[in-house]
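Secondary and tertiary structure notes
Letter by letter, the chains look like this.
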Amino acid sequence: MALNLRNRLSRIRNAPAAPDLEPPGGKKPEEGTWLKAGGWIKISPGLWSRTVERLLPFPVPEKEIPLGFFSKRLHGLRGRYEDLVFFDLETTGLSGGTGTVAFLAACGVFTDSRTLQITQYFMDDYPAESSFVEAVNFVISNSKILVSYNGMCYDIPLFKTRCILNRIPFTAAPPHIDLVYAARRVWKTALPERSLSRVEKEILQIERIDDIPGRFVPEIWLGFVKTGLGLDKLDKVFKHNADDIFSLASLLVVFLEAALGKDIPLADPYGYAIMLSRFDPLAAILKLRILHRRGHPRALKPLLQLLRRNGQADEYIEIRSWERKNRRHQKSDRSPS
(Lines give C-alpha, C1' and ligand atoms only; values in the text may rest on other atoms or scores of the structure.)
Protein backbone atom coordinates (compact mmCIF):
# COMPACT_ATOMS: atom_id res chain seq x y z
CA MET A 1 0.00 0.00 0.00
CA ALA A 2 2.81 2.41 0.92
CA LEU A 3 4.58 1.59 -2.36
CA ASN A 4 1.43 2.23 -4.41
CA LEU A 5 0.87 5.54 -2.62
CA ARG A 6 4.48 6.54 -3.27
CA ASN A 7 4.08 5.74 -6.98
CA ARG A 8 0.86 7.76 -7.20
CA LEU A 9 2.49 10.76 -5.51
CA SER A 10 5.45 10.46 -7.87
CA ARG A 11 3.10 10.57 -10.90
CA ILE A 12 1.36 13.64 -9.46
CA ARG A 13 4.67 15.43 -8.95
CA ASN A 14 5.87 14.59 -12.45
CA ALA A 15 2.63 15.63 -14.14
CA PRO A 16 3.06 18.53 -16.62
CA ALA A 17 2.41 21.96 -15.15
CA ALA A 18 -0.59 24.01 -16.20
CA PRO A 19 0.33 26.51 -18.95
CA ASP A 20 -0.48 29.59 -16.84
CA LEU A 21 1.90 28.45 -14.10
CA GLU A 22 4.97 27.98 -16.31
CA PRO A 23 7.75 30.52 -15.61
CA PRO A 24 9.20 32.65 -18.43
CA GLY A 25 11.34 30.43 -20.64
CA GLY A 26 9.78 27.32 -19.09
CA LYS A 27 12.55 26.95 -16.48
CA LYS A 28 12.11 26.48 -12.75
CA PRO A 29 14.43 28.26 -10.31
CA GLU A 30 17.46 26.32 -9.16
CA GLU A 31 16.52 23.96 -6.36
CA GLY A 32 16.98 25.44 -2.88
CA THR A 33 18.43 28.78 -4.04
CA TRP A 34 15.54 30.87 -2.80
CA LEU A 35 15.36 28.89 0.48
CA LYS A 36 19.03 29.55 1.21
CA ALA A 37 18.46 33.21 0.46
CA GLY A 38 15.73 33.22 3.12
CA GLY A 39 18.07 31.83 5.79
CA TRP A 40 17.02 28.19 5.41
CA ILE A 41 19.56 25.40 5.94
CA LYS A 42 19.17 21.96 4.38
CA ILE A 43 19.44 19.40 7.16
CA SER A 44 18.52 16.31 5.10
CA PRO A 45 17.15 15.61 1.60
CA GLY A 46 13.97 17.66 1.22
CA LEU A 47 14.04 18.97 4.81
CA TRP A 48 14.97 22.54 5.67
CA SER A 49 15.24 24.53 8.88
CA ARG A 50 15.77 28.13 9.89
CA THR A 51 15.71 30.17 13.10
CA VAL A 52 14.42 33.71 13.49
CA GLU A 53 14.09 35.94 16.56
CA ARG A 54 11.23 38.23 17.53
CA LEU A 55 11.07 40.74 20.37
CA LEU A 56 7.89 40.90 22.45
CA PRO A 57 6.56 44.40 23.29
CA PHE A 58 6.39 43.45 26.98
CA PRO A 59 8.38 40.97 29.11
CA VAL A 60 7.21 37.62 30.40
CA PRO A 61 6.53 37.68 34.17
CA GLU A 62 9.54 36.01 35.75
CA LYS A 63 7.51 33.97 38.22
CA GLU A 64 6.39 30.36 38.26
CA ILE A 65 3.50 29.70 35.89
CA PRO A 66 0.43 28.06 37.50
CA LEU A 67 -0.60 25.71 34.70
CA GLY A 68 -3.90 25.04 36.45
CA PHE A 69 -4.96 28.57 35.49
CA PHE A 70 -5.44 27.28 31.95
CA SER A 71 -7.05 23.89 32.60
CA LYS A 72 -8.29 21.63 35.41
CA ARG A 73 -6.24 18.74 34.03
CA LEU A 74 -3.07 20.75 34.76
CA HIS A 75 -4.01 21.41 38.39
CA GLY A 76 -0.99 21.56 40.68
CA LEU A 77 1.57 21.77 37.86
CA ARG A 78 3.89 24.76 37.62
CA GLY A 79 6.73 25.85 35.36
CA ARG A 80 8.82 28.81 34.25
CA TYR A 81 8.79 30.79 31.04
CA GLU A 82 11.99 29.10 29.84
CA ASP A 83 10.15 25.74 29.96
CA LEU A 84 7.59 26.80 27.33
CA VAL A 85 7.63 25.58 23.72
CA PHE A 86 5.11 27.28 21.41
CA PHE A 87 3.98 24.97 18.63
CA ASP A 88 2.10 25.38 15.35
CA LEU A 89 1.70 23.35 12.13
CA GLU A 90 0.79 24.33 8.59
CA THR A 91 -0.97 21.53 6.73
CA THR A 92 -2.50 20.57 3.39
CA GLY A 93 -6.04 20.78 4.77
CA LEU A 94 -8.10 22.14 7.62
CA SER A 95 -10.22 19.07 8.36
CA GLY A 96 -7.50 16.63 9.46
CA GLY A 97 -7.66 12.94 8.58
CA THR A 98 -5.06 10.59 7.15
CA GLY A 99 -4.97 12.47 3.82
CA THR A 100 -3.87 15.72 5.45
CA VAL A 101 -0.11 16.25 5.59
CA ALA A 102 1.85 18.71 7.74
CA PHE A 103 4.61 20.38 5.73
CA LEU A 104 5.70 23.28 7.96
CA ALA A 105 6.18 23.46 11.73
CA ALA A 106 7.26 26.26 14.01
CA CYS A 107 8.56 25.86 17.56
CA GLY A 108 9.20 28.95 19.67
CA VAL A 109 11.13 29.30 22.94
CA PHE A 110 12.06 32.25 25.13
CA THR A 111 15.81 32.90 25.28
CA ASP A 112 15.16 35.68 27.81
CA SER A 113 12.07 37.42 29.20
CA ARG A 114 11.40 39.31 25.93
CA THR A 115 13.20 37.45 23.13
CA LEU A 116 11.32 34.72 21.30
CA GLN A 117 13.42 32.34 19.20
CA ILE A 118 11.39 30.60 16.49
CA THR A 119 12.72 27.51 14.71
CA GLN A 120 10.83 26.39 11.59
CA TYR A 121 10.99 23.04 9.79
CA PHE A 122 9.90 22.82 6.15
CA MET A 123 9.62 19.81 3.85
CA ASP A 124 9.74 20.72 0.18
CA ASP A 125 8.09 17.50 -1.07
CA TYR A 126 6.31 14.38 0.17
CA PRO A 127 9.34 12.02 0.29
CA ALA A 128 10.84 14.16 3.06
CA GLU A 129 7.92 13.56 5.40
CA SER A 130 9.64 10.93 7.54
CA SER A 131 12.57 13.27 8.21
CA PHE A 132 10.18 16.15 8.89
CA VAL A 133 8.09 14.13 11.34
CA GLU A 134 11.17 12.80 13.09
CA ALA A 135 12.64 16.29 13.55
CA VAL A 136 9.41 17.76 14.92
CA ASN A 137 8.79 14.73 17.11
CA PHE A 138 12.21 15.23 18.69
CA VAL A 139 11.30 18.81 19.63
CA ILE A 140 7.95 17.80 21.13
CA SER A 141 9.38 14.89 23.10
CA ASN A 142 12.05 17.13 24.63
CA SER A 143 9.64 19.92 25.58
CA LYS A 144 8.71 20.52 29.21
CA ILE A 145 5.50 22.49 28.52
CA LEU A 146 3.82 22.70 25.11
CA VAL A 147 1.71 25.75 24.19
CA SER A 148 -0.65 25.86 21.18
CA TYR A 149 -3.88 27.34 19.90
CA ASN A 150 -6.35 24.53 19.20
CA GLY A 151 -3.43 22.12 19.12
CA MET A 152 -5.09 19.54 21.35
CA CYS A 153 -7.94 19.02 18.87
CA TYR A 154 -6.05 19.56 15.62
CA ASP A 155 -2.23 19.85 15.51
CA ILE A 156 -1.28 17.07 17.94
CA PRO A 157 -3.85 14.45 16.74
CA LEU A 158 -2.84 15.15 13.13
CA PHE A 159 0.84 14.89 14.02
CA LYS A 160 0.26 11.58 15.83
CA THR A 161 -1.38 10.26 12.66
CA ARG A 162 1.63 11.28 10.56
CA CYS A 163 3.93 9.53 13.08
CA ILE A 164 1.89 6.33 12.79
CA LEU A 165 1.87 6.44 8.99
CA ASN A 166 5.64 6.97 8.94
CA ARG A 167 6.24 4.25 11.57
CA ILE A 168 7.78 6.73 13.99
CA PRO A 169 6.86 6.20 17.66
CA PHE A 170 5.12 9.28 19.02
CA THR A 171 6.62 10.14 22.40
CA ALA A 172 3.99 11.07 24.99
CA ALA A 173 3.40 14.81 24.77
CA PRO A 174 4.41 17.01 27.73
CA PRO A 175 1.86 19.07 29.71
CA HIS A 176 -0.05 21.00 27.08
CA ILE A 177 -1.51 24.51 27.43
CA ASP A 178 -4.09 25.02 24.70
CA LEU A 179 -4.96 28.72 24.79
CA VAL A 180 -8.09 28.35 22.67
CA TYR A 181 -10.01 27.12 25.74
CA ALA A 182 -8.92 30.08 27.85
CA ALA A 183 -9.83 32.46 25.01
CA ARG A 184 -13.28 30.91 24.62
CA ARG A 185 -13.98 31.22 28.34
CA VAL A 186 -12.65 34.74 28.84
CA TRP A 187 -13.94 36.38 25.64
CA LYS A 188 -17.16 34.40 25.28
CA THR A 189 -19.31 37.55 25.41
CA ALA A 190 -16.87 40.04 23.87
CA LEU A 191 -15.87 38.25 20.66
CA PRO A 192 -18.33 36.46 18.35
CA GLU A 193 -15.59 34.03 17.34
CA ARG A 194 -12.27 33.39 19.06
CA SER A 195 -9.88 32.44 16.25
CA LEU A 196 -6.26 33.40 16.85
CA SER A 197 -6.45 36.06 14.12
CA ARG A 198 -9.51 37.64 15.75
CA VAL A 199 -8.01 37.55 19.25
CA GLU A 200 -4.70 39.03 18.12
CA LYS A 201 -6.50 41.87 16.35
CA GLU A 202 -9.05 42.73 19.06
CA ILE A 203 -7.06 41.92 22.21
CA LEU A 204 -3.38 42.11 21.30
CA GLN A 205 -3.89 45.00 18.85
CA ILE A 206 -1.72 43.23 16.28
CA GLU A 207 -2.47 44.10 12.65
CA ARG A 208 -0.80 41.78 10.15
CA ILE A 209 0.36 43.37 6.90
CA ASP A 210 0.27 41.47 3.61
CA ASP A 211 -0.66 38.23 5.39
CA ILE A 212 -1.78 35.00 3.74
CA PRO A 213 -5.13 33.82 5.17
CA GLY A 214 -4.83 30.28 6.54
CA ARG A 215 -7.41 28.88 4.12
CA PHE A 216 -5.05 29.57 1.18
CA VAL A 217 -2.00 27.86 2.72
CA PRO A 218 -2.73 24.28 1.48
CA GLU A 219 -3.22 25.43 -2.10
CA ILE A 220 0.07 27.38 -2.08
CA TRP A 221 2.20 24.46 -0.89
CA LEU A 222 0.49 21.91 -3.17
CA GLY A 223 1.04 24.26 -6.12
CA PHE A 224 4.70 24.60 -5.20
CA VAL A 225 5.19 20.82 -4.95
CA LYS A 226 3.67 20.31 -8.37
CA THR A 227 5.29 23.20 -10.27
CA GLY A 228 8.16 24.54 -8.15
CA LEU A 229 6.57 27.99 -8.45
CA GLY A 230 4.74 30.41 -6.21
CA LEU A 231 7.84 31.12 -4.11
CA ASP A 232 6.73 34.64 -3.16
CA LYS A 233 3.50 33.23 -1.76
CA LEU A 234 5.34 30.46 0.05
CA ASP A 235 7.54 33.07 1.72
CA LYS A 236 4.33 34.63 3.06
CA VAL A 237 3.30 31.22 4.41
CA PHE A 238 6.59 31.03 6.33
CA LYS A 239 5.96 34.50 7.76
CA HIS A 240 2.34 33.59 8.61
CA ASN A 241 3.58 30.54 10.51
CA ALA A 242 6.17 32.55 12.49
CA ASP A 243 3.59 35.28 13.19
CA ASP A 244 1.27 32.67 14.69
CA ILE A 245 3.99 31.72 17.18
CA PHE A 246 4.62 35.37 18.03
CA SER A 247 0.90 35.98 18.65
CA LEU A 248 0.68 32.79 20.69
CA ALA A 249 3.53 33.92 22.96
CA SER A 250 2.06 37.42 23.28
CA LEU A 251 -1.33 35.99 24.22
CA LEU A 252 0.22 33.76 26.86
CA VAL A 253 1.86 36.80 28.45
CA VAL A 254 -1.57 38.48 28.68
CA PHE A 255 -2.93 35.47 30.56
CA LEU A 256 0.11 35.19 32.82
CA GLU A 257 -0.25 38.85 33.81
CA ALA A 258 -3.93 38.18 34.51
CA ALA A 259 -2.97 35.29 36.78
CA LEU A 260 -0.92 37.81 38.77
CA GLY A 261 -3.89 40.16 39.13
CA LYS A 262 -3.81 42.38 36.03
CA ASP A 263 -7.13 42.85 34.23
CA ILE A 264 -7.69 41.08 30.90
CA PRO A 265 -8.98 43.40 28.14
CA LEU A 266 -12.69 42.85 27.33
CA ALA A 267 -12.81 39.83 29.65
CA ASP A 268 -16.07 38.24 30.74
CA PRO A 269 -15.77 38.65 34.55
CA TYR A 270 -17.40 35.30 35.26
CA GLY A 271 -15.07 33.41 32.90
CA TYR A 272 -12.06 35.16 34.39
CA ALA A 273 -13.19 34.30 37.94
CA ILE A 274 -13.59 30.62 37.04
CA MET A 275 -10.04 30.52 35.65
CA LEU A 276 -8.73 32.16 38.83
CA SER A 277 -10.59 29.63 40.99
CA ARG A 278 -8.37 26.85 39.66
CA PHE A 279 -5.27 28.08 41.47
CA ASP A 280 -6.19 31.16 43.57
CA PRO A 281 -9.57 30.52 45.25
CA LEU A 282 -9.40 33.61 47.48
CA ALA A 283 -9.01 35.94 44.47
CA ALA A 284 -11.81 34.08 42.69
CA ILE A 285 -14.12 34.36 45.73
CA LEU A 286 -13.52 38.10 45.81
CA LYS A 287 -14.48 38.51 42.14
CA LEU A 288 -17.47 36.13 42.37
CA ARG A 289 -18.68 37.90 45.53
CA ILE A 290 -18.74 41.22 43.64
CA LEU A 291 -20.52 39.62 40.69
CA HIS A 292 -23.12 38.03 42.99
CA ARG A 293 -23.84 41.34 44.69
CA ARG A 294 -24.34 42.92 41.28
CA GLY A 295 -26.89 40.25 40.43
CA HIS A 296 -24.78 38.19 38.00
CA PRO A 297 -26.91 35.04 37.51
CA ARG A 298 -24.01 32.60 37.07
CA ALA A 299 -21.93 33.70 40.06
CA LEU A 300 -23.92 32.06 42.89
CA LYS A 301 -23.15 28.36 42.31
CA PRO A 302 -19.33 28.61 41.90
CA LEU A 303 -19.19 31.14 44.77
CA LEU A 304 -20.93 28.72 47.15
CA GLN A 305 -18.72 25.85 45.97
CA LEU A 306 -15.56 27.84 46.61
CA LEU A 307 -16.74 29.10 50.01
CA ARG A 308 -17.50 25.56 51.14
CA ARG A 309 -14.26 24.18 49.71
CA ASN A 310 -12.27 26.99 51.34
CA GLY A 311 -13.84 26.49 54.77
CA GLN A 312 -15.71 29.82 54.86
CA ALA A 313 -18.82 28.29 56.38
CA ASP A 314 -20.27 31.48 57.90
CA GLU A 315 -20.46 33.32 54.59
CA TYR A 316 -21.67 30.16 52.85
CA ILE A 317 -24.60 29.84 55.32
CA GLU A 318 -25.34 33.56 55.15
CA ILE A 319 -25.59 33.57 51.33
CA ARG A 320 -27.64 30.37 51.24
CA SER A 321 -30.06 31.81 53.80
CA TRP A 322 -30.32 35.10 51.92
CA GLU A 323 -31.00 33.27 48.63
CA ARG A 324 -33.78 31.15 50.20
CA LYS A 325 -35.48 34.24 51.62
CA ASN A 326 -35.13 36.04 48.31
CA ARG A 327 -36.71 33.12 46.41
CA ARG A 328 -39.62 33.01 48.89
CA HIS A 329 -40.25 36.73 48.42
CA GLN A 330 -40.16 36.35 44.64
CA LYS A 331 -42.70 33.51 44.81
CA SER A 332 -45.01 35.51 47.07
CA ASP A 333 -44.78 38.52 44.76
CA ARG A 334 -45.81 36.34 41.80
CA SER A 335 -48.70 34.63 43.60
CA PRO A 336 -52.22 36.01 42.84
CA SER A 337 -53.65 38.36 45.48
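Residues numbered from 1 in each chain as written. Predicted model: local features only at pLDDT ≥ 70, side-chain atom pairs only at ≥ 80, totals over all residues. Heavy atoms only, no water.

Time to look at the environment of serine 247. Mapped onto the fold, serine 247 is located in helix α8 (residues 231–259). The sequence separation of serine 247 and tyrosine 149 amounts to 98 residues, and the corresponding C-alpha distance is 10.0 Å. If we ignore the near neighbours within four places in the chain, the residues touching serine 247 are Leu196, Glu200, Leu204, Ile206 and Arg208. Here glutamate 200 takes part through its side chain, which lies 2.3 Å from a polar atom of the side chain of serine 247. (Helix = DSSP H or I, 4+ residues; strand = E, 2+ residues; numbered from the N terminus. Contact = heavy atoms within 4.5 Å. Polar contact = N/O pair within 3.5 Å; in protein donor to acceptor, adjacent residues only side chain to side chain.)

Looking only at helix α5 (residues 179–186), the buried set comprises Leu179, Val180, Ala182, Ala183 and Val186. Down the axis of α5, the buried side of the element spans an arc of 160°, and every buried residue falls inside it. Structurally, α5 contributes buried residues whose contacts are with β8 (145–148), β9 (176–178), α6 (196–202), α8 and α9 (269–277). (Buried < 20%, exposed > 50% of the residue type's maximum accessible area, 1.4 Å probe, protein only. Arc of directions from axis to C-beta.)

Here we take up the packing of aromatic side chains. Taken as a whole, this structure holds 14 aromatic pairs when the rule is applied. Summarising the aromatic geometry, the rings of tryptophan 34 and phenylalanine 224 are spaced 5.7 Å apart at their centres and angled 75° between planes, so their arrangement reads as edge-to-face. Here phenylalanine 224 lies in helix α7 (residues 217–227) and tryptophan 34 lies in helix α2 (residues 33–37), a separation of 190 residues in the sequence. Look at phenylalanine 224 and you get buried, because its relative accessible area is 9%. Members of the aromatic cluster, connected to one another through ring pairs, are Trp34, Trp40, Phe122, Phe224 and Phe238. Lying over the aromatic face of phenylalanine 246, arginine 54 brings its terminal NZ or CZ to 4.4 Å of the ring centre. (Phe/Tyr/Trp six-rings, centres within 6.5 Å; stacked < 30°, edge-to-face > 60°. Lys NZ or Arg CZ within 6 Å of the ring centre and 35° of its normal.)

Right, let's talk about empty space enclosed by the protein for a bit. Taken as a whole and assessed by the stated rule, the structure comprises one cavity of 30 Å³ or more. Of the voids in this model, the largest cavity is the one considered here, and its volume is about 50 Å³. Taken together, Pro61, Lys63, Glu64, Ile65, Pro66, Leu256, Ala259 and Leu260 make up the lining of the largest cavity. Elements represented by at least two residues in the lining of the largest cavity include exactly β3 (65–66) and α8. Here the lining of the largest cavity is built from residues that sort into six nonpolar, no polar and two charged. (1 Å grid on protein atoms, 1.4 Å probe; cavity = no way out; pocket = protein on both sides within 12 Å on 5 of 7 lines; lining within 4 Å. Points joined across faces, edges and corners; volume = space filled by probe spheres on them. Nonpolar A, V, L, I, M, F, W, Y, C, P; charged D, E, K, R; others polar.)

So yeah, pure geometry; function would need other evidence.
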